[in-house]
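Residues per chain are reported as follows:
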Number of protein chains: 2
Amino acid sequence: MESDISYPRSPIGALRGRIGERVRIAGLIDAIRDHKRVQFLVVRDASGVVQVVREKMPGDAGEEPLTACSAVEIIGAVRDAPSVRLGGLELAADELRVHSLAASPLPIAAASVLEKQIDHRQISLRRPDQQLILAVQTTLEHAMRHWWAREGFTEIHSPKLMATFSESGADAFAVKYFGRSAFLAQSPQFYKQMAIAGGIEKVFEIGPAFRAEPSFTARHETEFTSIDMEVAWIETHDDLLRLEEEWLAAAIAAVAGRHGAEIAALLGVEIAIPTSPFPRVTMEEAQAIVRASGHMPAKTDDLDPEGERRLSAHIADTFGHEFVFVTDYPATARPFYHHRHDARPDLTRSFDLLFRGIEVTTGAQREHRYDVLRAQALERGYALEPLQSYLDFFRYGCPPHGGMGVGLARLLMALLHRQSVREVTLLSRSPTRLTP
Amino acid sequence: MESDISYPRSPIGALRGRIGERVRIAGLIDAIRDHKRVQFLVVRDASGVVQVVREKMPGDAGEEPLTACSAVEIIGAVRDAPSVRLGGLELAADELRVHSLAASPLPIAAASVLEKQIDHRQISLRRPDQQLILAVQTTLEHAMRHWWAREGFTEIHSPKLMATFSESGADAFAVKYFGRSAFLAQSPQFYKQMAIAGGIEKVFEIGPAFRAEPSFTARHETEFTSIDMEVAWIETHDDLLRLEEEWLAAAIAAVAGRHGAEIAALLGVEIAIPTSPFPRVTMEEAQAIVRASGHMPAKTDDLDPEGERRLSAHIADTFGHEFVFVTDYPATARPFYHHRHDARPDLTRSFDLLFRGIEVTTGAQREHRYDVLRAQALERGYALEPLQSYLDFFRYGCPPHGGMGVGLARLLMALLHRQSVREVTLLSRSPTRLTP
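Small disclaimer: the values here were computed from a predicted structure and weren't measured. (Residues numbered from 1 in each chain as written. Chains lettered and ligands numbered in written order. Predicted model: local features only at pLDDT ≥ 70, side-chain atom pairs only at ≥ 80, totals over all residues. Heavy atoms only, no water.)

A.B. asks: Can you walk me through the packing of helix H3 (residues 128-150) of chain A against helix H10 (residues 408-415) of chain A in this structure?
C.D. replies: Geometry of a packed helix pair, given as the angle between the helix axes and the separation of the axes. All names here are of chain A. Where H3 meets H10, the closest approach of the two axes is 11 Å, and the angle between their N-to-C directions is 115°. For the pair H3 and H10, the sense of crossing is right-handed. Along its contact with H3, which presents Val136, Gln137, Leu140, Glu141 and Met144, the element H10 presents Leu408, Leu411, Leu412 and Leu415. Counted by class, the contact of H3 with H10 contains seven nonpolar, one polar and one charged residues. (Axes fitted to C-alpha atoms, helices over the stretch in contact; angles between N-to-C directions. Helix = DSSP H or I, 4+ residues; strand = E, 2+ residues; numbered from the N terminus. Left-handed = near helix turned anticlockwise from the far one by under 90°. Contact = heavy atoms within 4.5 Å. Nonpolar A, V, L, I, M, F, W, Y, C, P; charged D, E, K, R; others polar.)

Shown next, in the form of structure tokens:
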């Protein structure tokens, strides 16, 4: 094969235009069918899939038998073959080079349970639906970044190693750090606010966040990708709602435009571009809707997962919308740094965004006034000393500001109608899983 | 001021077009000069800076005095003022609202040492050179992503919590993980290779990496942003060199185009778009060049920092180029998973990229053949059991592939002629620094 390196590699997806030509392809073997005199291979690369037919040579007896999943390079002639289901063509191989022979049998099959699929991710990732999910993720993030670039946002990379917790201490991972303890950031919250105090008026970050929660649900991972933004000089959290609906609609439109047909074909899901404005209800209204549906929420200041599903179902029935903003959470349900309503200091200028019953965003206007922020921390009974590095961000002038955190996997899970974040995550991390 | 909310906020940079109009601006106070009857404020927002003149009112005596760094909103008339150095205009304020009064005095001044500037990052970040550096970073990454999107790369987010080390065990941070130990990823190396085995032919990731090295140099941080890519079906590492020079030239061209003039004005640096091909030398040649310059490298299979500087100086003198690829490192200087030369198994198909004397990239073709990879691990004396999860990536078929890791801060440091990665990092992390 080295001798034929002069043939540039042809993408499999483009072979239709090369009928009658000799081409070189390279890919992974999806399936093998052995007949008496010929062998059929289904070979896949990033661009498509093709049937390869290969005459068995007398010398083949001495060869190690070819196995499914192996990485191969093939030279041969492309010929029209209307009877072949894969694109109505086939490649008649005259040279084949095995770059990596897959062990056999494979440890998983298409029907293996999710945890097995995760155990052998290098195999399950090859499934077309999994390739599609990663392509959708790439397009979604690229469209988000395109929107941010157009709106003048600055990208930051905030540290994940911290001297203190960014949310509650209970679910912070501790790291041995040169004879003392560091903690893994549960969110970039403090640092995007620091950037705002530092004069960057619009910031975003996409990066890992860590939560040491011993929970096993379809929506929690100990490590997840968090999409964060923060904006200065807002009037209230309403500005953030308008911003998020415009940003999300743009990102979802990009996914629909680029992958809509494939998502429908492979996942059976119709991607709807949400119309703006998204429906909005206050937490007080949300509680009434959920109770009227016959479910008693566990708390009066927050929604439980069942309450979130019922609220979304009600909104879908009433407004035909897959999204709903829940606003004005009681202060008791939110962190101390959320901005309160002037006339109702028991309520925060905050919101969650639910998408098909799943909480995908938490956001708020933040308290930017040093004295008020300090008082709100004291009201919670917090010691100020561990918070001082954070409080200092607001001591030397800070504009009014607010922002949000969006869970990437939850967004993909809701968008693609999957049952668990683990179906849309490259490599899952749970209390019992650190591999592969 | 609430009453005048109807004035939309005007970007300060656009006031030249609003002469004679009444406008509302919002920003941070850069400086204050008090005269007998008037007060001059220099106010900055993300778009520019303006002088504001404000008549002192009889009631002002009772007011808390305005301080530098405070966040303010101002309504007033824009007037032409050719004598004013800041853009030849000024804003005559008639309403001022202080959103956040900065404490005084400030804990740092422009002349404070770097460590002090980092201690009070919310203040030092406001310096125009620091705002520019973050804008350059944003543009640089956006251009890289644009190139990747055009070339069909897939974005991944690989886990930072691992059951084992990704490089050497010596500098891995340990995390308490539900009664056992996890380790923080030193690079996404293993997982981008898993994605390749999983059929994704071109992947990239920008994310944090962690090294528990107790070193204090201008080029090391315990946490840094790593830019990684990996590509399937390469012939040799030469393909990666060609890819990187095209990608870097595109990213640097975007920075030059968008920020070139401001970089020249604020940092005194001329951004040169590198011409391709970049000069290439083998490690053997590099050693000879460095020795001929009168420096004895500490090792014969690698370059020390002084050697890197001398090699880059030689290349700049000889070829007028700021970059140089050093290729073909001896196997002794590289990880076990680097691919060897067929005819010279003591040499790897590897490279580093030096930029103005600083190593900014390490890359290689990887060994994709399970048996060879296993043998190379054994040759190093490694126990196979902790590596098995990694080795398994190559058991079920994997294409030939290779990739690289690029240090974002090192790249910015070299590009902008800074003395330390800490000058181009949002928040530094060193063995003695976890705050702010």
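Structure's up, so let's keep going.
A.B. asks: Quick question: what am I supposed to make of the sheet that holds strand S5 (residues 89-100) of chain B here?
C.D. replies: Within a sheet, each strand pairs with its neighbour through backbone hydrogen bonds, oriented either parallel or antiparallel. All names here are of chain B. Here five strands make up a closed barrel; going around it, the order is S1-S2-S3-S5-S4 and the pairing mixed. Each strand axis lies, on average, 55° off the axis of its neighbour in the sheet, ignoring direction. One ladder, built from eight bridges, connects strand S2 (residues 38-45) with strand S3 (residues 48-55); its direction is antiparallel. Paired with Gln39 across the bridge in S3 is Arg54. (Pairing = 2+ DSSP bridges.)

A.B. asks: Would you take a moment to explain the environment of B:Glu115 for this structure?
C.D. replies: All names here are of chain B. Its location among the elements puts Glu115 in helix H1 (residues 114-119). For the pair Glu115 and Arg433, spaced 318 residues apart in sequence, the C-alpha to C-alpha distance is 9.9 Å. Setting aside its immediate chain neighbours within four residues, Glu115 contacts Arg422 and Arg433.

A.B. asks: Whenever I open this one, the interface of chain A and chain B confuses me. Can you help?
C.D. replies: Quoted interface sizes are often the accessible area lost when the parts come together. The partner chain B presents 97 residues to the 97 residues of chain A that form the contact. Surface buried jointly by chain A and chain B totals about 7,800 Å² across both partners, of which 63% is contributed by carbon and sulfur atoms. Scanning the region where chain A abuts chain B turns up four salt bridges. One salt bridge connects B:Arg24 with A:Glu235, and the closest N-O pair in it is separated by 3.7 Å. For the interface between chain A and chain B, the tally reads 39 residue pairs in polar contact (both at pLDDT 80 or more). Element by element, the count of residues in the side of chain A that touches chain B is highest for H3(A), at nine residues. (Buried area = accessible area lost by both parts, 1.4 Å probe. Salt bridge = Lys/Arg side-chain N within 4 Å of Asp/Glu carboxyl O. Polar contact = N/O pair within 3.5 Å; in protein donor to acceptor, adjacent residues only side chain to side chain.)

A.B. asks: Explain helix H3 (residues 128-150) of chain B here, please?
C.D. replies: Every α-helix winds through 3.6 residues per turn, so residues three or four apart in the chain are directed the same way. The terminal C-alpha atoms of H3(B) lie 33 Å apart, and with 23 residues this matches the ideal 33 Å at 1.5 Å per residue to within 8%. Following H3(B) by one or two positions, B:Gly152 adopts a phi angle in the positive range, close to 80°. (Expected span 1.5 Å × (residues − 1).)

A.B. asks: Help me understand the packing of aromatic side chains, please; the structure alone is not making it clear to me.
C.D. replies: For any pair of aromatic rings, the description rests on two quantities: the centre-to-centre distance and the angle between the ring planes. Within this structure, the stated rule accounts for 36 aromatic pairs over all chains. Between B:Phe325 and B:Phe351, the ring centres sit 5.7 Å apart and the planes meet at 80°, which makes this aromatic pair edge-to-face. Taken together, the positions of B:Phe325 in strand S13 (residues 323-327) and B:Phe351 in strand S14 (residues 350-355) put the pair 26 residues apart, joining distant regions of the chain. For B:Phe325, a relative accessible area of 0% corresponds to the buried category. Sitting over the ring of A:Tyr329, A:Arg334 keeps its end group 4.0 Å from the ring centre. (Phe/Tyr/Trp six-rings, centres within 6.5 Å; stacked < 30°, edge-to-face > 60°. Buried < 20%, exposed > 50% of the residue type's maximum accessible area, 1.4 Å probe, protein only. Lys NZ or Arg CZ within 6 Å of the ring centre and 35° of its normal.)

A.B. asks: I'm lost on the relation of the copies chain A and chain B in this one. Help?
C.D. replies: The relation between the two copies of this chain is a rotation about an axis and a shift parallel to it. For the pair chain A and chain B, the relating rotation is 180°, the translation along its axis is 0.0 Å, and the fit reaches an RMSD of 0.0 Å. The superposition of one copy onto the other is thereby described by a two-fold rotation axis. Of every C-alpha in chain A, the one belonging to A:Val175 sits nearest the axis of rotation, 2.2 Å from it. Most of the interface of chain A is mirrored in chain B: 100% of its interface residues are interface residues there too. (Least-squares fit on C-alpha atoms with pLDDT ≥ 70 in both.)

A.B. asks: Please clarify how the pairing of strand S8 (residues 174-177) of chain B should be interpreted in this entry.
C.D. replies: The two faces of the sheet receive side chains in turn, since in a regular strand these alternate between them. Residue and element names in this part refer to chain B. Relative to strand S9 (residues 180-184), S8 runs antiparallel, the two sharing four bridges. Within S9, the position partnered with Val175 by the bridge is Ala182. Taking the residues that link successive antiparallel strands as the turn, the S8-S9 hairpin has two residues, and the phi of Phe178 there is positive, at about 50°.

A.B. asks: When you look at the pattern of salt bridges in this model, what are you seeing that I'm missing?
C.D. replies: As a working rule, side chains carrying opposite charge can pair if their charged atoms are close by. The full count for this structure, using the stated rule, is 72 salt bridges over all chains. We note a salt bridge from B:Glu308 to B:Arg219, for which the minimum N-O separation is 3.1 Å. Taken together, the residues span a long stretch of sequence, with B:Glu308 in helix H7 (residues 305-319) and B:Arg219 in the loop between strand S10 (202-210) and strand S11 (223-232) at a distance of 89 residues. Across the pair, B:Arg219 and B:Glu308 agree in class, each one buried. With a shortest N-O distance of 3.4 Å, B:Glu379 and B:Arg340 are connected by a salt bridge. Of this pair, B:Glu379 sits in helix H8 (residues 370-379) while B:Arg340 sits in the loop between S13 and S14, and the two are 39 residues apart along the sequence. Ionic contacts of the salt-bridge type, sharing partners, join the residues A:Glu115, A:Asp119, A:Glu221, A:Arg422 and A:Arg433 into one network.

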